[in-house]
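Here is what each chain is made of, one letter per residue.
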Amino acid sequence: YADAIRSVQKSVELCRTDRRSQVVLVTSALPGEGKTTLTLSLAASAARSGRKAIVVDVDLRNPSVAREIGQPCGPGLVEFLTGEASADQVIHTADFQTNLHFIPVKSLTPSPVDLLESGQMATLLARLRARYDNVFLDGPPALVTDTRAAALLADTILYAVQWNKTKAEIATYGMEALASSHVSVTGLVLTQVDVALHAKYGYGDFPTYYKKYRKYYVD
């Protein structure tokens, strides 16, 4: 799993030739496809390699970063954007990785698009770009209007699709919704792949031969 995450991370770094992929938005076709796990995994991988990384929960309707990290935290993104807290107050350190920080969503808001398009959000992203090597945005699913506002903040957009569950037409519809707002998906990541089941299908790609490569990995 760790090697698969590093492969995604390296692909993101190599996919942009015009500018650095510093701010990465992770979205998905549908809720529950593993985008938050993917976001946190990419950030943790970057942090373990010695980079300063931060995850920002920009899913203001159904936030999940704080829940998945599983540690108590104070004010979050909404409090900063509404002027109730400073940037330093909303940046928290992950207990499991000292150079991995995160900004949770503690309070919900009736106007997420307005907040994501606000000058305060632009100011925050500028600060994070100056302070961190990698900024990962955990966004809402692609069919939510907020995603298009969040996408304009990012250099790169990763699109998570759950393997063997999400229908192709649904995944395509989400990408088309982004494209209609002039937002291009940089790469697609298949999540929650059942390697054993995948191997039975005989596709001929890497998971099919996973067992032959196991000796190269150390748990």
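Provided above is the structure to which this section pertains.
Rules used in this analysis
Note that residues are indexed from 1 along each chain, following the sequence as it is written. Owing to the predicted nature of the model, reporting of local features is limited to residues with pLDDT of at least 70; listing and counting of side-chain atom pairs is limited to 80 or more, with chain, interface and lining totals taken over all residues. In computing side-chain values, all of the structure's heavy atoms are included and hydrogens and water are not. Secondary structure elements are defined from DSSP: runs of H or I of at least 4 residues count as helices, runs of E of at least 2 residues count as strands, and each element is numbered from the N terminus. Exposure categories follow from relative accessible area, calculated using a 1.4 Å probe and restricted to protein chains: below 20% of the type maximum is buried, above 50% is exposed, and the middle band is partly exposed. Any two residues whose heavy atoms approach within 4.5 Å are treated as being in contact. All accessible-area figures derive from a Shrake-Rupley calculation using a 1.4 Å probe, and residue coverage is judged against the displayed protein chains alone. In short, DSSP must find at least two bridges between two strands for them to pair. Fitting a line to C-alpha atoms yields each axis, with helices limited to the stretch in contact; the angle taken between N-to-C directions then spans 0 to 180 degrees. Think of a patch as exposed residues, more than 30% relative accessible area, with no salt bridge, where like charges cluster within 9 Å and nonpolar side chains (Val, Leu, Ile, Met, Phe, Trp, Tyr) cluster within 5 Å. Salt bridges, as used here, are contacts in which a Lys or Arg side-chain nitrogen is within 4 Å of a carboxyl oxygen on Asp or Glu.

Draft legend 1. Fine view of the overall build of the protein chain. For the protein chain, the count of helices and strands is eleven helices and seven strands. Taken over 219 residues, the protein chain has a buried fraction of 47%. For the protein chain, long-range pairs separated by at least 24 residues make up 78% of all intrachain contacts whose partners lie at least 6 apart in sequence. Summing over all exposed atoms, the protein chain offers an accessible surface of approximately 11,300 Å²; the carbon and sulfur share of this is 52%.

Draft legend 2. Layout of the sheet that holds strand 3 (residues 92-93). In spatial order, the strands read 3-4-2-5-1-6-7; together these seven strands make up an open sheet with mixed pairing. The open sheet has two free edges, formed respectively by strand 3 and strand 7 (187-191), since each of these has just one partner strand. Alignment of strand 2 (residues 53-57) against strand 4 (residues 100-103), held across four bridges, turns out to be parallel. Across the sheet, the residue bridging to A53 is L100, located in strand 4. The sheet contacts of helix 1 (residues 2-15) involve strand 1 (23-28), strand 6 (156-162) and strand 7, and relative to strand 6 the element is tilted by about 145°. Of the strands in this sheet, strand 1, strand 6 and strand 7 are in contact with helix 9 (residues 168-179), which crosses strand 6 at around 160°.

Draft legend 3. Examining the pairing of strand 5 (residues 134-138) more closely. Of all the five residues making up strand 5, five are buried; the element is thus mostly covered by neighbouring parts of the structure. Taking every second residue as pointing to the same face, both faces of strand 5 are buried, with N134, F136 and D138 on one and V135 and L137 on the other. Of the pairings in the sheet, the one linking strand 1 to strand 5 comprises four bridges and is parallel in character. For L25, the partnering residue across the bridge sits in strand 5 and is L137. Examined bridge by bridge, strand 2 and strand 5 share five bridges and lie parallel to one another. Bridge pairing in strand 5 places V56 opposite L137.

Draft legend 4. Just the environment of C73, in detail. Looking at the element boundaries, C73 is found in the loop between helix 3 (65-69) and helix 4 (77-81). For C73 and P104, which are 31 residues apart along the polypeptide, the C-alpha to C-alpha distance reads 7.9 Å. Once you skip the residues sitting within four places of it in the chain, C73 turns out to touch A66, H92, F102, P104 and K106.

Draft legend 5. Quick peek at a nonpolar patch on the surface. Among the surface-exposed residues, M175, L188 and L190 lie close enough to one another that they form a single nonpolar patch of about 250 Å² accessible area. Following the sequence through the fold, L190 ends up in strand 7. Taking the relative accessible area as the measure of exposure, L190 reaches 47% and is therefore partly exposed.

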